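# Descriptive structure summary
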Protein chains: 2
Amino acid sequence: MVDVARQAGVSLKTVSRVINNEAGVHEGTAARVHEAVSRLGFRRNDVARNLRRGLSTASIGVLVEDIAHTACSALTWAVEQAAREHGHLVLVGSSDQDPVRERELFSAFVSRRVDGLIIVPAGDDHRYVAREMLLGTAAVFVDRPSGRIAADAVLSDNAGGARAAVDHLLAHGHRRIAVVGERPGIYPIRERVAGYRAALTKAGIAVDERLIRVDRAREGFTDRIALDLLEGDDPATAVVTLSNLMTVAMLRTIRREGRRVALVGFDDFESSDLIEPAVTVVAQDPMALGRTAASLLFARLAAESRSIERIVLPTRLITRGSGEIPPP
Amino acid sequence: MVDVARQAGVSLKTVSRVINNEAGVHEGTAARVHEAVSRLGFRRNDVARNLRRGLSTASIGVLVEDIAHTACSALTWAVEQAAREHGHLVLVGSSDQDPVRERELFSAFVSRRVDGLIIVPAGDDHRYVAREMLLGTAAVFVDRPSGRIAADAVLSDNAGGARAAVDHLLAHGHRRIAVVGERPGIYPIRERVAGYRAALTKAGIAVDERLIRVDRAREGFTDRIALDLLEGDDPATAVVTLSNLMTVAMLRTIRREGRRVALVGFDDFESSDLIEPAVTVVAQDPMALGRTAASLLFARLAAESRSIERIVLPTRLITRGSGEIPPP
DNA sequence: CTGAAAGCGCTTACAG
DNA sequence: CTGAAAGCGCTTACAG
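Keep in mind that this is a model prediction, so the values were computed, not measured. (Residues numbered from 1 in each chain as written. Chains lettered and ligands numbered in written order. Predicted model: local features only at pLDDT ≥ 70, side-chain atom pairs only at ≥ 80, totals over all residues. Heavy atoms only, no water.)

### Digging into the overall build of chain A
Definition in use: Every helix listed is a DSSP run of H or I at least four residues long, and every strand listed is a run of E at least two residues long, numbered separately from the N terminus. The globule rule used here is 2.2 Å times the number of residues to the 0.38 power, and the radius of gyration it is set against is calculated over C-alpha atoms. We call two residues in contact whenever any of their non-hydrogen atoms come within 4.5 Å of each other. Per-residue and other accessible areas follow the Shrake-Rupley method at a 1.4 Å probe size, with only the shown protein chains counted as cover for residues. Residues counted as positive are Lys and Arg, residues counted as negative are Asp and Glu, and His and the chain ends are not counted. Think of each charge as sitting on NZ of Lys, CZ of Arg, CG of Asp or CD of Glu.
In terms of regular secondary structure, chain A is built from twelve helices and twelve strands. Scaling as 2.2 N^0.38, a compact globule of 328 residues should have a C-alpha radius of gyration of about 20 Å, whereas chain A reaches 26 Å, well beyond that. For chain A, the C-alpha atoms occupy an extent of roughly 90 × 40 × 35 Å along the three principal directions. A separation threshold of at least 6 residues defines the contact pool for chain A, and within that pool the share at least 24 residues apart is 64%. Here chain A displays about 14,700 Å² of accessible surface, and carbon together with sulfur accounts for 50% of that area. Chain A carries 43 positive and 42 negative side-chain charges, and their two centres are separated by 5 Å.

Here it is, written out as structure tokens:
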């Protein structure tokens, strides 16, 4: 900027005025500055600008589990659209489900003075986030609530989705409904299992713990579990799968064994309607999660004191065939 | 930092020494500083730090077509991993295939003084990038080459992939092979069509222009084209589809019409092996694209003068069934 | 309409 | 081992 000022024969302040389109600069002066700017290839340093202005860096951080996962990238996309409307840029980081990595990324983002963060949390203790929130960094949690602190959160109605899946299978005559999943510790899975239990109980069916197979995934895990569930005296006639991975694995076993088993899978996926039978799913809306979280974040950035909000977004049962197979 | 210095009763410089773990600070002094830091919730402002140090902001920008697309998010993931190894943070932006938007994002990134950018270009004139490259911003293009400037690029072997697809269908006895795609203007599609032509020509088969249906997608486009290709006196017995969208659309029509047509699709997709018949594809490796681009970028950031590189990554034909259907 | 001085929160180069 | 001064590239508040 000093070079531009010298080149144009004006003061720093005048250059500043011109590059920021402030009113009250003589036309000729402005022209000289513009010429100097383009001759020198000058470009305002927004880092210095933001530092001096002392407020916003006009950037937000998105901390997801894994940006390569469809749900995370859809969420990020929605956040980016909202950020654009507010003139903000988006930093991304993948925690890889590691609370330590999550905290490192959080720290790096805050040191860069992002105005706020949208977090799909991996850990379950976010008191380190609360400290920064006190100092003015906004944070909204998505998909899972924050741990040990009060903070805005946008969640899917996981329990409701599971209830809908079970109710649907019950309506088609099933009584032996299994649930298969992995990562039992995380919030959405716990909620879904709770929803499963609730729906059965409400229907007056005793929950058979042997039909609940939610455990850390291991080699060959699903295949063995699938065989377990489908064989024996009193086999499952229907399955609710709690992740795409489980859905696909279960379908493979069912097909290989030549069984007819009803299936409702959690999370919609590309070409779920090209499979035979097409897969009935409980769909979440990751873009809506991102959009809602972003609007919460920007609302918080705009208004100093807001009460903490928890928003739960509905899930949707999409019937395509696999969930409408009757019991034998 | 001033507050911390006052609180600890030391100078600014000493605080700086402590928070940056510089050697040569008395233990007791350091302890006092640390205490002040945690009492005040102090956190080093990396924005100011980077400004003063005058070099790197330790951040890079990733400019993709659409972060919600699987290929883009996989690429971004790989870039993020590399960035992490180099202590860099990642800014993302989706151009939505709009050259104007691409340029705006580029400009915003450069104003934030990212050290470099990885760009999946939408436009075909990147002279505005060259200007910044001269001033020290590194840039690597991915998936498509830069337009009107010389720059590093990492590409997939699109032509080779298309040749492999056609050769595979020829080997299974097909002579009437169609190619169906959208977005004819973009580089990967042009390359694939060129590969298609080359393979047929090499096999001594005259190219029938009626079998090349690559056009901007319109309502009902694919379905009508599919019917066109599959009917008439001399129908296509095999199809190469140039995108997931086309693959899925074509499969739907084929299934609805009860045809037996061989198909090789461009780009692998989730559950392509659960469809009946499982889908033979030409797979790219978006993570490898991202990884390679990132290592090129960081190499360029490390070494002042490097010659410009263009790296072409191989594609892979994955046979699963749909591409091995013989002609009637 | 234009400019000189101070300052954002840090680090660098130097002195003690 | 510790500190006072200058400066990174801008903007703010004030004066002319």
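Let's pick the thread back up.
### Remarks on the protein's contact with DNA strand C
Counted only if it meets this: If a single non-hydrogen atom of a residue is within 4 Å of a molecule or strand, that residue counts as near it. Throughout this description, a polar contact denotes any pair of N or O atoms lying within 3.5 Å of each other; where both atoms belong to protein, one of them has to be capable of donating a hydrogen while the other can accept it, and for residues adjacent in sequence the pair is counted only when both atoms sit in side chains. When residues are grouped by polarity, Ala, Val, Leu, Ile, Met, Phe, Trp, Tyr, Cys and Pro land in nonpolar, Asp, Glu, Lys and Arg in charged, and all others, Gly among them, in polar.
Close to DNA strand C lie 24 residues; Thr14(A), Thr29(A), Arg52(A), Lys13(B) and Ser16(B) are nearest. Within 4 Å of the protein, the contacting atoms of DNA strand C are drawn from sugar and phosphate to the extent of 60%. One of the backbone N or O atoms of Ser11(A) is found 3.0 Å from a phosphate oxygen in DNA strand C. Sorting the residues of the surface near DNA strand C by element identifies α2 (12-19) and α4 (46-53) of chain A together with α2 (12-19) and α4 (46-53) of chain B as the ones contributing at least two each. The dominant element in the surface near DNA strand C, judged by the number of residues it contributes, is α4(B), at five residues. Taken together, the residues of the surface near DNA strand C break down into seven nonpolar, eight polar and nine charged.

### What to know about the protein's contact with DNA strand D
The environment of DNA strand D is made up of 24 residues, and the closest members are Lys13(A), Ser16(A), Thr14(B), Thr29(B) and Arg52(B). Among atoms of DNA strand D positioned within 4 Å of the protein, sugar and phosphate together represent 58%. Between Asn20(A) and DNA strand D, the recorded distance is 2.9 Å, taken from a side-chain N or O atom to a phosphate oxygen. Between DNA strand D and Arg49(A), the relevant distance is 2.8 Å, taken from a phosphate oxygen to a side-chain nitrogen or oxygen of the residue. Counting residues per element, the ones that place at least two in the surface near DNA strand D are α2 and α4 of chain A together with α2 and α4 of chain B. In terms of residue count, the dominant contributor to the surface near DNA strand D is α4(A) (five residues).

### Side note on the relation of the copies chain B and chain A
As a reminder, the rule being used: Least squares is the method for superposing the copies, and the C-alpha atoms it fits come from residues with pLDDT of at least 70 in both.
With an axial shift of 0.0 Å and an RMSD of 0.1 Å, the rotation relating chain B to chain A amounts to 180°. In short, the pair behaves as if placed about a two-fold rotation axis. Most of the interface of chain B is mirrored in chain A: 100% of its interface residues are interface residues there too.

### Concerning the interface of chain B and chain A
The condition is simple: Put simply, buried area is the surface a 1.4 Å probe can reach on two separate parts but cannot reach once they are joined, added for both. What makes a salt bridge here is a side-chain nitrogen of Lys or Arg within 4 Å of a carboxyl oxygen of Asp or Glu, nothing more. For two strands to be treated as a pair, DSSP must find no fewer than two bridges joining them.
Facing 53 residues of chain B, the contacting portion of chain A comprises 53 residues. Across the chain B/chain A interface, buried area totals approximately 4,800 Å², and carbon plus sulfur atoms make up 53% of it. Counting the surface chain B buries against chain A, the share from its top three residues, Arg43(B), Arg112(B) and Leu274(B), is 17%. Inspection of the chain B/chain A interface yields eight salt bridges. Across the salt bridge formed by Asp96(A) and Arg84(B), the nearest N and O atoms sit 3.2 Å from each other. Summed over the shared surface of chain B and chain A, the result is 29 residue pairs in polar contact (both at pLDDT 80 or more). Listed by contribution, the elements that provide at least two residues to the side of chain B that touches chain A are α4, α5 (70-85), β2 (89-94), α6 (99-111) and α11 (244-256) of chain B. Partitioning the side of chain B that touches chain A into residue classes produces 24 nonpolar, 13 polar and 16 charged. Inspection of the sheet shows strand β2 (residues 89-94) of chain A paired to β2(B) by three bridges, in the antiparallel sense. Residue Val92(A) lies in a different strand from β2(B), and its bridge partner there is Val90(B).

### Examining the environment of Ala153(A)
Note on placement: Ala153(A) falls in strand β5 (residues 152-156). Among all residues touching Ala153(A), those that are not within four sequence positions of it are Phe141(A), Pro145(A), Glu309(A), Arg310(A) and Ile311(A).

### Re the pairing of β5(A)
All names here are of chain A. Stated precisely, the cut-off is as follows: For each residue, the accessible area found with a 1.4 Å probe, counting protein chains only, is set against the maximum for its type, and the residue is called buried under 20%, exposed over 50%, and partly exposed in between.
Among the five residues in β5, five count as buried, and that is most of the element. Here β5 shows two buried faces, one formed by Asp152, Val154 and Ser156 and the other by Ala153 and Leu155. Pairing of strand β4 (residues 138-142) with β5 involves three bridges; the strand directions are parallel. Opposite Val140, over in β5, you have Asp152 as the bridge partner. The pairing of β5 with strand β11 (residues 310-313) spans four bridges and is parallel. By the bridge assignment, Ala153 is partnered in β11 with Arg310.

### What about α2(B)?
Where α2(B) is concerned, the buried positions are Thr14(B), Val15(B), Ser16(B) and Val18(B). Backbone geometry just downstream of α2(B) places Asn21(B) in the positive-phi region, at approximately 55°.

### Thoughts on the packing of aromatic side chains
Here the distance between the centres and the angle between the planes together describe a pair of aromatic rings. Residues and elements named next belong to chain A. The condition that has to hold: Side-chain rings of Phe, Tyr and Trp, where Trp is taken by its six-membered ring, are said to pair if the distance between their centres is within 6.5 Å; with planes under 30 degrees apart they count as stacked, over 60 as edge-to-face, and otherwise as tilted.
For the coordinates displayed, the defined rule picks out two aromatic pairs over all chains. Judged by centre distance (5.3 Å) and plane angle (80°), the rings of Phe106 and Tyr128 are edge-to-face. Taken as a pair, Phe106 in helix α6 (residues 99-111) and Tyr128 in helix α7 (residues 127-134) lie far apart in primary sequence, 22 residues in all. For Phe106, a relative accessible area of 3% gives the class buried. With relative accessibility at 9%, the residue Tyr128 sits in the buried group.

### Some remarks on unusual backbone geometry
All names here are of chain A. Cis geometry marks the peptide bond from Glu276 to Pro277; its omega dihedral reads -5°. For Pro277, the position within the fold is in the loop between β9 (262-266) and β10 (280-283). In this structure, Asn21 is a non-glycine residue whose phi angle is positive, near 55°. Structurally, Asn21 is set in the loop between α2 and α3 (27-40).

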